[in-house]
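Breakdown of the fold
Here is how the chains run, residue by residue.
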Amino acid sequence: MTDPAWEPPLSGSDVEHLVGTLERLRATFRWKAGDLDVDQLRARPVPTSQLSLGGLLMHLAVCEDDVFSWRMCGERPFTWTLAPEDDVARWQFTVDPDESAEQVYAIWADAVGRSRATLARLLDDGGLDQPGHLQYGDDQPSVRRHLHDLIEEYGRHTGHADLLREAIDGRVGEDPPGDWPMIPPV
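Here's what I pulled together on the structure shown here. (Residues numbered from 1 in each chain as written. Predicted model: local features only at pLDDT ≥ 70, side-chain atom pairs only at ≥ 80, totals over all residues. Heavy atoms only, no water.)

**Concerning the packing of aromatic side chains**
- Within this structure, the stated rule accounts for two aromatic pairs.
- With a centroid separation of 6.2 Å and an interplanar angle of 80°, the aromatic rings of F29 and Y154 are classed as edge-to-face. Of this pair, F29 sits in helix α1 (residues 14-32) while Y154 sits in helix α7 (residues 143-169), placing them 125 residues apart in sequence.
- Judged by relative accessible area, which is 0%, F29 ranks as buried.
- Relative to W80, the ring of W70 has its centre 5.8 Å away and its plane inclined at 45°; by these criteria the two rings are tilted. Of this pair, W70 sits in helix α3 (residues 53-73) while W80 sits in helix α4 (residues 78-82), placing them 10 residues apart in sequence.
- The exposure class of W70 is partly exposed, given its relative accessible area of 28%. (Phe/Tyr/Trp six-rings, centres within 6.5 Å; stacked < 30°, edge-to-face > 60°. Helix = DSSP H or I, 4+ residues; strand = E, 2+ residues; numbered from the N terminus. Buried < 20%, exposed > 50% of the residue type's maximum accessible area, 1.4 Å probe, protein only.)

Rendered as C-alpha cells:
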C-alpha cells in the first residue's frame, strides 16, 4: 500500500497500476472540485466554455455508471434513472437550481462506490481480459479496454478542473495534500 491510499504503487501488478491510476485521478479531480458551495459548483469561470465543476462531477458520475454498469456488465446505470430521458445531455453537465452541493457530491461519490464494487466483482470473476458487455460489430472490448477509457476520461476532465478551480478561487496543485480525506474513501 502506498501513502496516500490513492497513489499508485511504485511496483505492482497491471491491475494495481491501473486501479491506482484511476484512484489518483479520482482523488485529484474530487480535490479540485471539493469544498465548494452550489454557486461555485455552477460557476462557469472560463468565458469560452460552458463547463462547470459541478457539471463535470455530474458527467463523471454518468461516465462511472456507463462504463462499469453498461459497458462492462450490461446493467442499466443508476444515473440514467436520475436524468430526464429527453434531457440527458444537458442534465449530466448541469447543476439544476433545486440541487445542493451535497447532492451533487453524493451523486458522484455514490457512482464511484458502485464502480469500485463492480470492479472488485469483475476482478474476482475473470479479471481485466474478460469481454465487457458492449459490442462494436464483431468486436467486444475487454474490461481492461473500458477501464483505460475511463482513465482517459478522468485525465481529460481533471485538466479542465485544474483551470476551472484556479479561476474560481486560485486552488492549484498536481495532487491533493497527503492528508486530504478522499471522498468516498479508497
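**Re the packing of α1 against α7**
- Where α1 meets α7, the axes come as close as 9 Å, and the angle between the chain directions of the two elements is 25°. Classified by the angle between their axes, α1 and α7 sit roughly parallel to one another. Here α1 and α7 pass one another in a crossing that is left-handed. Residues D14, L18, T21, L22, L25, R26, T28, F29, W31 and K32 of α1 pack against R144, L147, H148, L150, I151, Y154, G155, H157, T158, A161, D162 and R165 of α7. (Axes fitted to C-alpha atoms, helices over the stretch in contact; angles between N-to-C directions. Parallel < 35°, antiparallel > 145°, perpendicular 65-115°, else oblique. Left-handed = near helix turned anticlockwise from the far one by under 90°. Contact = heavy atoms within 4.5 Å.)

**Quick notes on the packing of α3 against α7**
- Two elements in contact, α3 and α7, have axes whose closest approach is 10 Å; the angle formed by their N-to-C orientations is 175°. In terms of their interaxial angle, α3 and α7 are classed as roughly antiparallel. Contact with α3, carried on its side by L53, L56, H59, L60, C63, E64, V67, F68, R71 and M72, involves V143, H146, L147, L150, E153, Y154, H157, H160, A161, L164, R165 and I168 of α7 and no other residues of that element.
- A class-by-class count of the residues in the contact of α3 with α7 yields 14 nonpolar, four polar and four charged. (Nonpolar A, V, L, I, M, F, W, Y, C, P; charged D, E, K, R; others polar.)

**So, α1**
- Its 19 residues give α1 an end-to-end C-alpha distance of 27 Å, which sits within 8% of 27 Å, the value for a rise of 1.5 Å per residue.
- Every buried residue of α1 is listed here: L18, G20, L22, E23, L25, R26, A27, T28, F29, R30, W31 and K32. (Expected span 1.5 Å × (residues − 1).)

**Topic: the nonpolar core**
- Of all hydrophobic cores here, the largest spans 44 residues; its most connected members are F29, L41, L57, F68, W108, L147 and Y154.
- By residue number, the principal contributor to this core is α3, which donates 11 residues.
- Setting aside chain neighbours within four positions, we find L41 in contact with A33, L36, S52, L53, G54, G55, L57, V95, A101, V104 and Y105. (Core = buried A, V, L, I, M, F, W, Y, C linked by side-chain atoms within 4.5 Å.)

**As for the pattern of salt bridges**
- Tallying each qualifying case throughout the model produces 18 salt bridges.
- Here E7 ties to R24 by a salt bridge, and the two come within 3.0 Å at their closest N and O atoms. Highlighted residues: E7 in the segment before α1 and R24 in helix α1, separated in sequence by 17 residues.
- Its relative accessible area of 25% is what places E7 among the partly exposed residues.
- The partly exposed category is assigned to R24, whose relative accessible area is 29%.
- Residues joined in a network through salt bridges with shared partners are E23, R26, E64 and R116. (Salt bridge = Lys/Arg side-chain N within 4 Å of Asp/Glu carboxyl O.)

**Notes on the environment of Q140**
- Its place among the elements puts Q140 in the loop between α6 (101-124) and α7.
- Owing to a relative accessible area of 36%, Q140 belongs among the partly exposed residues under this scheme.
- A sequence separation of 68 residues divides Q140 from M72, and the C-alpha atoms of the two residues are 10.0 Å apart.
- Every residue in contact with Q140, bar those within four places of it in the chain, is listed here: P131, G132, H133, L134 and Q135.
- Within polar-contact distance, the side chain of Q140 engages the backbone oxygen of G132 at 2.6 Å. (Polar contact = N/O pair within 3.5 Å; in protein donor to acceptor, adjacent residues only side chain to side chain.)

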